[in-house]
Amino acid sequence: MMAGMPPRPPTEAGLVPEAEFAARFPGPVSINVQLPNDPTASEWNLHGQTLSVSLPVTATIKDLKELLAPQMGGMPVNKQQVKNASGFLKDTATLASYN
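What you are looking at is a predicted structure, and each value in this text was computed from that prediction instead of being measured.

Visitor: Kindly report on the nonpolar core, identifying the contributing residues and their values.
Guide: In globular proteins that are soluble, nonpolar side chains generally tend to be buried together. Grouped together as the largest cluster of nonpolar side chains are 19 residues, with contacts concentrated most on Leu35, Leu46, Leu55, Ile61, Leu64, Leu68 and Met72. Elements represented by at least two residues in this core include exactly β2 (50-56) and α2 (61-68). The contact partners of Met72, leaving out residues within four places of it in the chain, are Leu35, Glu43, Trp44, Asn45, Leu46, Leu51 and Gln80. Counting residues in each nonpolar core, the second largest holds 5 residues, with Val16, Phe21, Ala22 and Val57 among its members.

Visitor: Tell me about the packing of aromatic side chains, and please be specific about residues and values.
Guide: Taken as a whole and assessed by the stated rule, the structure comprises 1 aromatic pair. Considering the side-chain rings of Phe21 and Phe25, the 4.8 Å spacing of their centres and the 40° angle between planes classify their relative orientation as tilted. In this structure Phe21 comes out as buried when scored by relative accessible area, which is 16%.

Visitor: Hey, could you go over the pairing of β2 for me, with residue numbers and the actual values?
Guide: Where burial is concerned, the two faces of β2 differ: the one with Leu51, Val53 and Leu55 is buried and the one with Thr50, Ser52, Ser54 and Pro56 is not. Where strand β1 (residues 28-34) and β2 come together, 7 bridges link them in antiparallel fashion. From the neighbouring strand, Val33 faces β2, where its bridge partner is Leu51.

Conventions adopted
Residues numbered from 1 in each chain as written. Predicted model: local features only at pLDDT ≥ 70, side-chain atom pairs only at ≥ 80, totals over all residues. Heavy atoms only, no water. Core = buried A, V, L, I, M, F, W, Y, C linked by side-chain atoms within 4.5 Å. Buried < 20%, exposed > 50% of the residue type's maximum accessible area, 1.4 Å probe, protein only. Helix = DSSP H or I, 4+ residues; strand = E, 2+ residues; numbered from the N terminus. Contact = heavy atoms within 4.5 Å. Phe/Tyr/Trp six-rings, centres within 6.5 Å; stacked < 30°, edge-to-face > 60°. Pairing = 2+ DSSP bridges.

Structure below.
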């Protein structure tokens, strides 16, 4: 890894290299995010709803969180956790890296 470069998520079998995936999908993609239902966190609008956002595959997970924050009652990015079937996603990784 080069100094100053964000760490890449572990390579998983079947994933297309990040640059190749980004070249295949140059425009914005739609992402659906399922929020938890947490009545104890009333200030964050967590009612089990699905949020949809559109952004390029070169956007980072942190970029995704910044788009979600206003729809989540202003929940700060550092309080959000995004995960998929393989685990929690890193803020510095791009959407393309998780293709």
